[in-house]
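Fold and geometry: a report
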Amino acid sequence: MCKTITVGNLKGGVGKTTTAVNLAYSFAHLGRRVLVVDADPQSNLTPFFRKGRNKRGIRDALSSPEGAMRCVRRSRYGGIDIISGDTRLREDDVRRPGDLGVALGKCRDGYDFCIIDTRPAFEKITASAVAASDMLLTPVCLDRFCRDNLALVEERLDESRDAWGGCPEWRVFGTKVSGRSPSQRRTYEDLLGRHDYPFLETCIRRSCAFEGALGLYKPVLRHRSGSPAAGDYIDLAMEILGCAHGEEGTHGEI
Ligand SMILES: Nc1ncnc2c1ncn2[C@@H]1O[C@H](COP(=O)(O)OP(=O)(O)OP(=O)(O)O)[C@@H](O)[C@H]1O
Ligand SMILES: [Mg+2]
């Protein structure tokens, strides 16, 4: 069975695309077959996996969901295929709530994971991705905005469950984490202890390796295979694989 994960947050620049890229690559590195879907009109995910313009992508998949298989392309990495982004994608391209789910239903056979990158909004495109998913995965920067930001995501997730159906589990993880930041540590402890948000144990450290990898449009494991940051995304993939098998963990320290 393919597990579908939407990477989403209302907040911009928190590392959604970085997560979609590096999680997909980590799953493939661990021997899983992955379909990545670029559902953000910014189309930032696509160049990590394919060069140049693609003839068919997410817009075509939405306009004829039954024929979405025609929009799946090989990526430059073995084990990873892609439905490319399209900078012309508009909210109104999602005509019926279930269209993305129907489209993905035509393509997901044979993959272990489908990972959808989204724009920093919970309107029709993201809501339809969430409705078609088993998990909403939310990266957060552990700063002062984080608690309000998570409260809003939770609210939008509830609204989108009511309006669009689907019942994905919600998981949150800290990213751009600096082990030496007392304020990040306090925020993390507050969010875990007082608010009970569904945090994964894995945090992704703040690392300049991501800027270098972005400059070359590469997953960080490909760019600097020995870097601790690459190891963090492998850990995240392994923890999600554990979730997929129903294992529970206890939260570690950041
Ligand atoms: N762990 C990290 N350490 C340092 N820099 C990071 C980390 N994760 C992401 N970045 C950098 O943060 C910037 C924003 O990341 P990214 O584009 O993935 O965010 P996003 O949430 O997808 O943004 P948008 O909302 O615009 O889609 C990029 O320059 C990226 O390289
Ligand atoms: Mg992005």
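Residues numbered from 1 in each chain as written. Chains lettered and ligands numbered in written order. Predicted model: local features only at pLDDT ≥ 70, side-chain atom pairs only at ≥ 80, totals over all residues.

1. Description of the overall build of the protein chain
Definition in use: Starting at the N terminus, helices and strands are each numbered in turn, a helix being any DSSP run of H or I of at least four residues and a strand any DSSP run of E of at least two. Only C-alpha atoms enter the radius of gyration; for comparison, a globular chain is expected to reach 2.2 Å times N to the power 0.38, where N is the number of residues. We call two residues in contact whenever the C-beta atoms placed from their backbones are within 7 Å.
Of the regular secondary structure elements, the protein chain holds 10 helices and 7 strands. Here the protein chain has a C-alpha radius of gyration of 17 Å; the compact-globule value for 254 residues is 18 Å, and the two agree. Reported as C-alpha extents along the three principal axes, the dimensions of the protein chain are approximately 50 × 40 × 35 Å. A separation of at least 24 residues holds for 79% of the contacts in the protein chain among residues at least 6 apart in sequence.

2. Regarding the nonpolar core
We apply this condition: Each nonpolar core comprises buried Ala, Val, Leu, Ile, Met, Phe, Trp, Tyr and Cys residues, the members being joined through C-beta atoms within 7 Å. Exposure is read from a count of other C-beta atoms within 10 Å of each residue's own; the residue is exposed at 12 or fewer, buried at 20 or more and partly exposed in between. C-beta atoms are placed from the backbone.
Of all hydrophobic cores here, the largest spans 72 residues; its most connected members are Ala24, Val34, Val36 and Ile115. Sorting elements by how many residues they give to this core places helix H1 (residues 16–29) first, with 7 residues. Discounting residues that sit within four places of it in the chain, Ile115 has contacts with Ile5, Val7, Ala20, Leu23, Ala24, Val34 and Val36.

3. Describing the sheet that holds strand S5 (residues 113–118)
Stated formally: By this definition, two strands are paired if DSSP reports at least two bridges between them. To get an axis, fit a line to the C-alpha atoms, keeping to the stretch in contact for a helix; angles then go from 0 to 180 degrees between the N-to-C directions.
Strands sit in the order S3-S4-S2-S5-S1-S6-S7 across an open sheet of 7 strands; the sheet is mixed. Strand pairing shows two members of the sheet lacking a second neighbour, strand S3 (72–74) and strand S7 (169–175), which therefore form its edges. Strand-to-strand twist in this sheet, taken as the mean axis angle between neighbours without regard to direction, amounts to 25°. Examined bridge by bridge, strand S6 (residues 135–141) and S7 share 7 bridges and lie parallel to one another. Across the sheet, the residue bridging to Pro139 is Phe173, located in S7. Helix H5 (residues 124–131) contacts strand S1 (3–7), strand S2 (34–39), S5 and S6 of the sheet and is inclined by roughly 160° relative to S5. Lying on the sheet, helix H6 (residues 146–164) is in contact with S6 and S7; it crosses S6 at an angle near 165°.

It is worth stressing that arrangement in space is one thing and function is another; only the former is reported here.
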